[in-house]
Structure formats: C-alpha cells, structure tokens
Amino acid sequence: MTSATDPVPHTPVSPDWGPPTASPTPAPAAPLPDKAPRWSLPALIAILVLAAVLYSWNLSGSDMNTFYSGAIWAGTKSWKAWFFGSLDPGNFLTVDKPPFALMIMGLSCRVFGFGTWQMMAPEVVVALATIWILHSTVKRVWGHGAATVAALVLALTPITVAINRDNNPDTILVFLMVSGAALAFRATRDEKLLPLLGSAACFGLAFNTKLLAGWIALPAVFALYLYASKATWAKRAVNLALAAVVLAVSSFWWAIAVSLVPASDRPYIGGSTDGSAWDLIMGYDGLGRVFGGEGNGGGGGGGGGFSGSAGLGRMFNDILGGQISWLLPFSAIALVGGLVLCGRAPRTDLKRMALVLWGGWTLLHYVIFATAQGTMHPYYTTALAPGIAVLCGGGGAMLLEAFRTDKRWIWVLPAAFGITGIWAIVLLRRASGWNTWLWPAIGVLTVAGIVGMILFRSGNKARLLAASLAAAVVAALAGPTAYAATLPFGSSSGGGMRGGTNPTAGPSTGSGFGGGPGGGGASRGGFPGGGELPGAGQQGGGQQGGGQNSQAGGETGGGFPGGMNGEAPTGGANGQAPGGGNGQVTPGGGTGELPSGGAAPGGTGSGTGTGSGTGRAGGGGGFGGGGMGGSVSSDLITYLKKHMDGATWLLAVSNSQSASQIELSSNEPVISMWGFTGSDNAMTVAKLKELVKAGKLHYIQVGSGGMGMGGNNTLSSQVTAWVEKNGTAVKESAYSKSTTSSSSSSSSSSSSSSSQSTTSTLYRLDPSDVS
C-alpha cells in the first residue's frame, strides 16, 4: 500500500525529513517505516467525495453573484474584456478586483459554454485540490490520522462550503495561498530554492485574485523561512531577495499591463477614483479595507458593516460565530500546547516549523479580520479555515500523544474538547427553533467522549479509547456539519443569506447593516468583494430569515437602479425581482429595497422576491431561477434590442449590479455608469456625449435627484440634467403590453417633474441630440 498522496513507493526517510538514508536491506516481511495505513487513502477519497457533494449538489439551483457572472459572460464575448475583467463586452468599466479568478472561470465558459456548471467547475476543482494539498502537507509532519482530521475540518467549515458554491474569487484565493504556504514549507524543509520561488508566484497570483488579501499570510511564510531554514544567513538573504522579485512580478504584472494601455483605449477600472489599477490597489481594495474610509468608498463602514463591530471578539459574535468559530478555541489550545510540547526541539523541527507557519497564518487572518475598520463580509473568514484545520489535526495529534504518555497533560485534550462542546451548544442555542435536538446530542456525546478518554486512557483498552476519541471528534464536528448541510440540501430554515452575493451557511442568528446572515434570502448589500450597496446604509429591509418565499423588506420606491430608493431599470415581469430565484432577493436598494419593483418603466411590481421571470442568459442554461440573470421585463428587453440601431450597448444604468442583471437577461452589453458602489467616476457628460454622437449608445435610464446614492453626486446630477434636457423620454406604453393608464401617467409625470418623481425614466438619445 502506498501513501494516500504519493502514488508510488519511495525510499524510507529519516524522522526529520532529511536526505534519503542508506539502510540495511530489510527482511522481506518488514514494513516500510512510512507505510500508509490501509484506511488512509479510502478516508481521503471519502472526504473529497463528501466535499464534492457539499460544494456541487443542487448547484444549478443556487444563486450566483450576478456582478461576477456578468463579467465572466463578457469575457466569453471579448478577449479584451477577459483580460481587463470588464463588466461588459463593450469594455466601458471593469469589476473592482483584478481578473485572475474571472479569467479561470471565463476560460472554462469559453470552452464549454456559459452556464452555472461551466462557471463553477474550476471553483469546485480547486476547492478539492486545496483539501488534497492540506492533507499532504499535514501528513508529512504529523501522520495520516492528523491529515485526515485536518482535511475533514476544512471540508466541513460552514463558510468554506458556502463560498465554494459561489463564483466569488475567494475559493481560488484560498487555493493559491495554501499552495504558496505548502511550497514555502517544503522549501524550508528541503533547502530548495525552486519551491520558494513557486511559493512567491502563488502569493503573487493570490494578489491578482483579491489584492492585499492574498498577502495576509506572507509574514508567517517569511518568519518560517528566516527562522527555520538550514541555509546560511547570506544564502537566506539571497533566496528571499529572488523570491521577492518573483513576488513583485507575479503580483503587479496585470497592474503594469493596464497602466501601459492608454486610458482612452482601456475600460475604467472599477472601484478606483481615477480609472487606474494602482488607485484600486491602494484605496478601495487596499488599506481602506483595514483602516476604513480610504479610497473610493471601499473602505467605509466604520467597522460595523456586515460582520458586526470591529474587535478581537468579532469572530465569535452572532453573525460570524456559526460560520467560522466552531473550532477556533480548540485550534488555539492546540497551537499553544503544541508549541510547549516542542520544548527545546531544534529550530528545524518539522512540528515546530508547521506550528509557526500555520499558527502565524491563523493569527494574522484572525487579527486583521477581527479589527478591520473597513468592509468586512462574513465570507472573508474562509481564509481562516486552512489554519484552523491544520492546528486541529496536527496540534490535536500532539495533544493526544501527550494525553496518552504524560500525566501532566491528561486534562488538556479533554478540556479542549469540553470547551469546543460548550461553544457548539452556545452557537446552536443562538439559532432559536433550529434543529433543537442537536445541541443536547452534542452535549451528551462530548461528555461521553471525555469520560471515556479519561477512563480508558491506560491499560489494554485501545479500542475503547479510540471509540471515546471518535465520539468527542464527532461532537466537535456535528455543529459545523449541520450548518454546512443547509446549503446543498436546501433547509428552508437555514442558510441565512445563501445567495451568491453574500453567501453564508446555517440558520439566521445575526445581522449586519440590517442584513447579515439574518438578512433576507440572498440580500447582500455590499461590494462584490465587500462594502455597502450603491449608497446603501441599510440592506435587506431588516428582514429576518432566509426562507424560500422571502419578501423584499420595505416598500419598493422610485429612484435610479441601485440608487436612492433602490429602483430597478425595470419593474420586472409581474413586479418580480430580478435574480430572485427560489425566493431570494437581490441587492441594490439604498434603503433595503430590491433593485426592481415600484413604478419603474418595466411595470408596477410589488417587489416580491419570487424571481420566476423568464430572463435567460445565453450560452448554456437559464438563469432566471438561479440568480445569474434574473427576471427583467422581457417587453423592455425586446424593445431595446429592436431599437439598438447598431449601438454597442443596449442601455446605460447607474450601477454594476443592475447592469449585469440586464446584461445576462438580454445577452447584450450594458453600461454601468458608476460601478458597484455608484461612486466610480466612469461616466461624465463629455463621455456620454461622445458615445451618443458615435452612435454607440442610445438608451439611458435616469432617476430623480441623481443616479445613485453614495457616489459622485455632482457627476450624476450633471449627467441626469443633460439627459433630461436633450433626450426623449420613452413612455412605458411603447414597450409594455400590460401598461395601465396610471403607470403611463406616472412615467410621463416623471419626465416632466423629475425633482418630485419616485420612478426611473428611460430616455432615447441620438447623435442629433448632441450639440
């Protein structure tokens, strides 16, 4: 039997993983010292199968993030859009992240066609690869049992299951960071330069996935190599300098390439204040996330946001506790205990090296996420999961060995399981009325496991000890497993915000900005990657529960799509919310409303989140019920496509979420004038005149008092005033078959009295309208 991750037998190695040792020829029946137990490979395969089910079961019925879906679709239509990460094939504006993750999903969709499965296949594959890499890394330090526990913990972490079922970039981010950490450990252990350079390249690509978030673990990698490498100080300095060069190249190649393209020939970089990638890196997606208030509104939030108030206890609050904190106490005890047990071992001791690396990983992510004053979404915490998993598996194995051999440590492992069981009960009791049988069962199993471990510690009772240990492990994993299972198996009372825009797992237990995991359905109220809605201080309408027929909180009002009052570009068929499949509501409203409904030109919908509209995106499946396209008025789409008259863009709207929804429903490019937050300075009167005069854009949707709260009100007001002065308002009766006299009157009224209007208005502009 070979190793679970090494396909062929290999030479026995010394305990400190030095060069292969020459040993006398063993007797024919003598086992190899590192021979894998027979259960190891089947256990790893079973974990991977379990993870694949959790990450992909009923995936086509899950909501995707339409913001990223639109950019991926654009990349299948234009290689320029694919490279820049443009939201539309016409390349007006990009998403607010570097496009590496979108490039991977876009290539898959180019090969297999655009659809949910085609988009998510790479995400699921890299999620499984992350588990495999972590298993292999832990196995080489602590053995197969510890590796199996670590792999299982990572696979079952609730927030990790949630994000791995979504097209956000975090799944690829975590894969790249784990790969980088594993390569850095190998480089330190084996004194090899190539793995160190590979580690730097992985962290650079992580930077191109989610900017500074991809660098959080770098100090731990640096500390590991500097502390534990056997090389001389001079050689270490040279190797680190070479790695720094690779890191810089792999991190900044995209930003440099963007800068080399003249601004007139490239799309506006979403999230920036000046259209440059460097501004995005330093502001909106940079230090603003940690310190708040920096950049293009991206760092705002004052630390409250969608994960509760900033502070060292944030990971344990009502919002984040059930997503990531189940095993945090155990991992902390295992880290401290493991370091103590290492004692005076040499600095090159593998266990100490691993504890330094993964303990540093966990501590860095914990402190930054807990104290971040800017935007902090629950799904960011998936980056904590690998560190927690390694500490539980590896550190737990060290505590078990000490428990069995040293009476001074007899209480440490039982105490760790006891604290974990108590915390699981606290978390489950926060979810009032949800699986009320579970927490008593966990309590009984925890007590039984601890008592059994103590009773059967000594003597010839190995099987009873193993059974007791298994009971304690099952009790520790039962809570996160139950939370994770709500996602693929559709618990109607679980999965608070299960939409792709802010994925979480489990029942509703808390809220952030009126919408955290307790917010309605798929409500997100944040940046695609973090932050508030376009001008939103509240989202989700304060609505609780993520049930299947969630109603949008608050009354749908007027205003621009995603703007002041959350008005959609269309009211949707029968007033249904775009992208609201399975009763999920879709974000975009400044006051918690849907980006549809109200008396918009598409109809006079009630704003319910049933999402049964007929909108479909091209190339691989319908997305009306899956959150990728949503329900946008088919009458309006038909009208706009019929009257495009050779234009590049079907329509211009206020923000990216609305633009992507219309884009996916119409299969035509749509302009987002001010990005996801409504704050990008992408559209000006001069730019609009240029597009209209060239015949590239004819239709624009505007609302009262500007086009998006929280953005550049001067620009939006100027554009609105120019459009209303020079454009021709399109009456709803021109495209809607079900228009009532009241809705027509409302549309006419809105065009003549915009300052008092509560509706959005569609305008037609032709080259002759440009003076």
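Please refer to the structure higher up on the page.
Since the model is a prediction, treat every value here as computed from it, not as a measurement. (Residues numbered from 1 in each chain as written. Predicted model: local features only at pLDDT ≥ 70, side-chain atom pairs only at ≥ 80, totals over all residues. Heavy atoms only, no water.)

## What to know about the side chain of Thr137
Next up, step 1: Locating Thr137 in the fold gives a position in helix H5 (residues 116-142).
Next up, step 2: A polar contact is formed between the side chain of Thr137 and the backbone oxygen of Ile133, at a distance of 2.9 Å.
Next up, step 3: Excluding anything up to four places from it in sequence, Thr137 contacts Ala182 and Trp358. (Helix = DSSP H or I, 4+ residues; strand = E, 2+ residues; numbered from the N terminus. Polar contact = N/O pair within 3.5 Å; in protein donor to acceptor, adjacent residues only side chain to side chain. Contact = heavy atoms within 4.5 Å.)

## Here we look at the side chain of Thr486
Next up, step 1: Structurally, Thr486 is set in the loop between helix H19 (462-485) and helix H20 (634-642).
Next up, step 2: Relative accessible area serves as the criterion here: at 2%, Thr486 is assigned to the buried category.
Next up, step 3: Here the side chain of Thr486 touches Gly506 through a polar contact of 3.0 Å, landing on its backbone nitrogen. (Buried < 20%, exposed > 50% of the residue type's maximum accessible area, 1.4 Å probe, protein only.)

## Some points on helix H21 (residues 656-666)
Next up, step 1: Burial analysis of H21 places eleven of its eleven residues in the buried class, the great majority of the element.
Next up, step 2: Those residues of H21 lying buried are Ser656, Gln657, Ser658, Ala659, Ser660, Gln661, Ile662, Glu663, Leu664, Ser665 and Ser666.
Next up, step 3: Two to three positions downstream of the cap, the backbone nitrogen of Gln657 sits 3.1 Å from a side-chain oxygen, assigning the N-cap of H21 to Asn655.
Next up, step 4: A positive backbone phi angle near 60 degrees is found at Asn667, which sits one or two residues after H21.

## Regarding the packing of helix H18 (residues 438-455) against H19
Next up, step 1: Where H18 meets H19, the closest approach of the two axes is 7 Å, and the angle between their N-to-C directions is 155 degrees. With respect to H19, the axis of H18 lies roughly antiparallel. H19 is crossed by H18, and the crossing has left-handed handedness. Touching Leu438, Ile442, Leu445, Thr446, Gly449, Gly452 and Met453 of H18 are Leu465, Ser468, Leu469, Ala471, Ala472, Val474, Ala475, Ala478, Gly479 and Ala482, all from H19.
Next up, step 2: Class assignment for the residues of the contact of H18 with H19 results in twelve nonpolar, five polar and no charged. (Axes fitted to C-alpha atoms, helices over the stretch in contact; angles between N-to-C directions. Parallel < 35°, antiparallel > 145°, perpendicular 65-115°, else oblique. Left-handed = near helix turned anticlockwise from the far one by under 90°. Nonpolar A, V, L, I, M, F, W, Y, C, P; charged D, E, K, R; others polar.)

## Description of the pairing of strand E3 (residues 699-702)
Next up, step 1: Burial along E3 is two-sided: the residues Tyr699 and Gln701 and Ile700 and Val702 are all buried.
Next up, step 2: Here E3 pairs with strand E5 (residues 761-764) via four bridges, running antiparallel. Among the inter-strand pairings, Val702 is bridged to a residue of E5, identified as Thr761. (Pairing = 2+ DSSP bridges.)

## Let's talk about the packing of aromatic side chains
Two descriptors summarise a pair of aromatic rings, namely the distance from one centre to the other and the angle between the planes of the rings.
Next up, step 1: This model, assessed by the stated rule, comprises 20 aromatic pairs.
Next up, step 2: Ring plane angle 85 degrees and centroid distance 5.2 Å describe the contact between Phe83 and Phe84, whose orientation is recorded as edge-to-face.
Next up, step 3: Phe83 sits in the partly exposed class, given a relative accessible area of 24%.
Next up, step 4: Judged by relative accessible area, which is 5%, Phe84 ranks as buried.
Next up, step 5: Residues Tyr639 and Tyr699 carry aromatic rings whose centres are separated by 6.0 Å and whose planes lie at 70 degrees to one another, so their mutual orientation is edge-to-face. In this pair, Tyr639 is assigned in helix H20 and Tyr699 in strand E3, connecting sequence segments 60 residues apart. Tyr699 matches Tyr639 in its accessibility class, with the two residues each being buried.
Next up, step 6: One aromatic cluster is present, formed by Phe207, Trp215, Phe252 and Trp278 through successive ring pairs.
Next up, step 7: Across the ring face of Trp233, the terminal group of Arg236 is positioned such that the distance to the ring centre comes to 4.0 Å.
Next up, step 8: The ring of Trp439 has Arg429 sitting right over it, with the charged end atom 4.7 Å from the ring centre. (Phe/Tyr/Trp six-rings, centres within 6.5 Å; stacked < 30°, edge-to-face > 60°. Lys NZ or Arg CZ within 6 Å of the ring centre and 35° of its normal.)

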